[in-house]
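One letter stands for each residue in the lines below.
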Amino acid sequence: MLDFLLFLGVLAPAPLLAIVVLAARLRGAVRRGGVGTLAARIRAAWRGGTRRPVWPALIGVAAGAALTTGGLGRAYLATVTNGPRWGFDVVLLSIVLGLLAAAGCGAFAGLAAAAVARARGFGAGTIAGLLALVAVAAGTASVHLPLRAAFLAAPGDFPVVVNLAGGDLLIPFEVFLAALIWALPWPVLGAALGARADTAGRRHAVRDVWQLLLDLATADLPGNRSAWGAALRSELAAIDPPAERRRFAFGGAWAALRSGRPHGAWMQAAGVALLMAGGSFAASRWSLAHDRGGILGFWVPAPSALLLAVALATAWRDRSFGSGLRAGALGGIGALVAILAVGIPEAVVWMRERAGYLSTGDAVPPTWQAAVLDVLRPEFIVVMIVFWAMGVVAGSALGLALGRRRADEPDDLPAAAR
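Residues numbered from 1 in each chain as written. Predicted model: local features only at pLDDT ≥ 70, side-chain atom pairs only at ≥ 80, totals over all residues. Heavy atoms only, no water.

Draft legend 1. Here's a closer look at the nonpolar core. Counting 72 residues, the largest nonpolar core has Y76, L169, V272, W299, L358 and M384 as its most contacted members. It is helix α6 (residues 90–120) that contributes the most residues to this core, ten residues altogether. When near neighbours in sequence (up to four residues on either side) are disregarded, M384 contacts W299, V300, L336 and I339. If you look at the next biggest cluster of nonpolar residues, it comprises 17 residues, including A18, W186, A195 and A397. (Core = buried A, V, L, I, M, F, W, Y, C linked by side-chain atoms within 4.5 Å. Buried < 20%, exposed > 50% of the residue type's maximum accessible area, 1.4 Å probe, protein only. Helix = DSSP H or I, 4+ residues; strand = E, 2+ residues; numbered from the N terminus. Contact = heavy atoms within 4.5 Å.)

Draft legend 2. Representation of a nonpolar patch on the surface within the structure. A contiguous nonpolar patch, built from L11, I181, W182 and L184 and spanning about 370 Å² of accessible area, is present on the exposed surface. Summarising the element assignment, L11 is placed in helix α1 (residues 2–11). Note on L11: relative accessible area 32%, which makes it partly exposed. (Patch = residues over 30% accessible without salt bridge, like charges linked within 9 Å, V, L, I, M, F, W, Y side chains within 5 Å. Areas by Shrake-Rupley, 256 points an atom, 1.4 Å probe, with all protein chains shown as cover. Salt bridge = Lys/Arg side-chain N within 4 Å of Asp/Glu carboxyl O.)

Draft legend 3. Region of the structure containing the packing of α6 against helix α8 (residues 171–179). Axis separation between α6 and α8 bottoms out at 8 Å; the angle between their running directions is 25°. Considering the angle they form, α6 stands roughly parallel to α8. Classified by chirality, the crossing of α8 by α6 is right-handed. For the pair formed by α6 and α8, the contact residues are V91, S94, I95, G98, L99, A101, A102 and C105 on the first element and I171, P172, V175, F176 and A179 on the second. Class assignment for the residues of the contact of α6 with α8 results in eleven nonpolar, two polar and no charged. (Axes fitted to C-alpha atoms, helices over the stretch in contact; angles between N-to-C directions. Parallel < 35°, antiparallel > 145°, perpendicular 65-115°, else oblique. Left-handed = near helix turned anticlockwise from the far one by under 90°. Nonpolar A, V, L, I, M, F, W, Y, C, P; charged D, E, K, R; others polar.)

Draft legend 4. Structural view of the side chain of T50. Its place among the elements puts T50 in helix α3 (residues 38–50). A relative accessible area of 18% means that T50 is categorised as buried. If sequence neighbours within four positions are ignored, T50 has contacts with W55, I127 and L131.

See below:
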């Protein structure tokens with residue numbers, strides 16, 4: 001039950017925040033123009049979210065997804081039977097990598113939505129971001145579905161994986177397609193960030209792609225760096241030669257993206273590491289004493305919830321999504337180091353007590369090397385990173401929204417739809 005509540009706390013903030021954003025936008029649109037204007041606004045958003053250069057880019061995204069799926073499918077089928085020899089489950093690793101890829105697609109769709117929203121408004125950005133996810137799904141399905149049909153028609157032509165039993169050999173690709181549902185909130189949230197007004201109630205026209213690049217890079221700076229970001233944008237506006245604009249925009253964007261970690265981030269990371277080390281040790285000894293199996297169930301949800309809280313607090317304080325991400329990433333590194341530092345010796349203790357593998361509690365490691373390698377299995381490490389990252393991103397988004405409302409800044413949450 002506790003694991004379920006922790007997972008719910010990590011997964012729920014992003015969709016709930018996206019619903020709040022949409023509800024606020026619709027309410028603002030109705031207040032400004034009445035219910036009768038909604039259809040016209042939706043049509044305008046559709047046109048803005050699909051006209052050039054968006055639709056050619058969507059075709060490119062679909063083609064890229066198809067080529068990537070084809071290449072990954074061939075690599076997967078060529079290596080799927082080598083898991084026992086390599087010491088890890090190739091199918092499980094492929095599934096969690098599919099989850100990670102779906103999270104990456106959500107980030108890509110959010111960025112695309114922010115870029116379009118900066119130039120054409122919230123509605124157009126949301127449409128473009130959602131269509132980017134549709135393009136990824138369409139490209140993946142165009143390769144996966146024929147491959148699945150061939151597998152169902154002649155399964156003997158495909159590799160045999162013993163631990164799948166009667167399962168589906170191609171399940172990692174189906175998990176990826178299903179996990180794209182998790183990415184649906186991020187076009188909405190990305191569009192809300194990209195469309196955030198420079199001044200209350202107004203959006204400035206985007207002159208060219210270099211202004212768009214610098215606008216996006218400086219849109220999320222902490223409060224103590226916002227004046228510097230505004231100065232960069234003003235200086236770019238005074239530059240006319242295209243080559244100089246390009247160089248200045250790239251330089252300014254790079255400087256903004258590496259503008260530094262949040263204040264106190266190392267102390268937060270150290271605190272996360274200490275908490276995770278203590279918690280991992282306590283979970284190991286409690287499970288060992290009560291014969292409750294491994295502690296993978298602690299490694300995944302507990303750090304996810306803690307990193308969500310760290311990212312939320314940092315983004316709330318700095319009113320910056322990027323600050324929350326940086327603090328959460330440093331905390332995640334600390335958590336991983338702590339879990340491995342405690343898990344490796346504890347795995348040997350479990351082996352000597354003949355209690356099974358530390359991660360899952362099943363079987364008994366034949367040697368201490370096997371016990372240690374179980375803690376370092378890539379599929380376990382990747383699944384931890386996937387869920388920790390979801391907690392960090394969700395906490396950053398929620399902290400940004402709460403921080404801007406606290407400061408009464410012009411914000412997209414209560415703004416009218418454009």
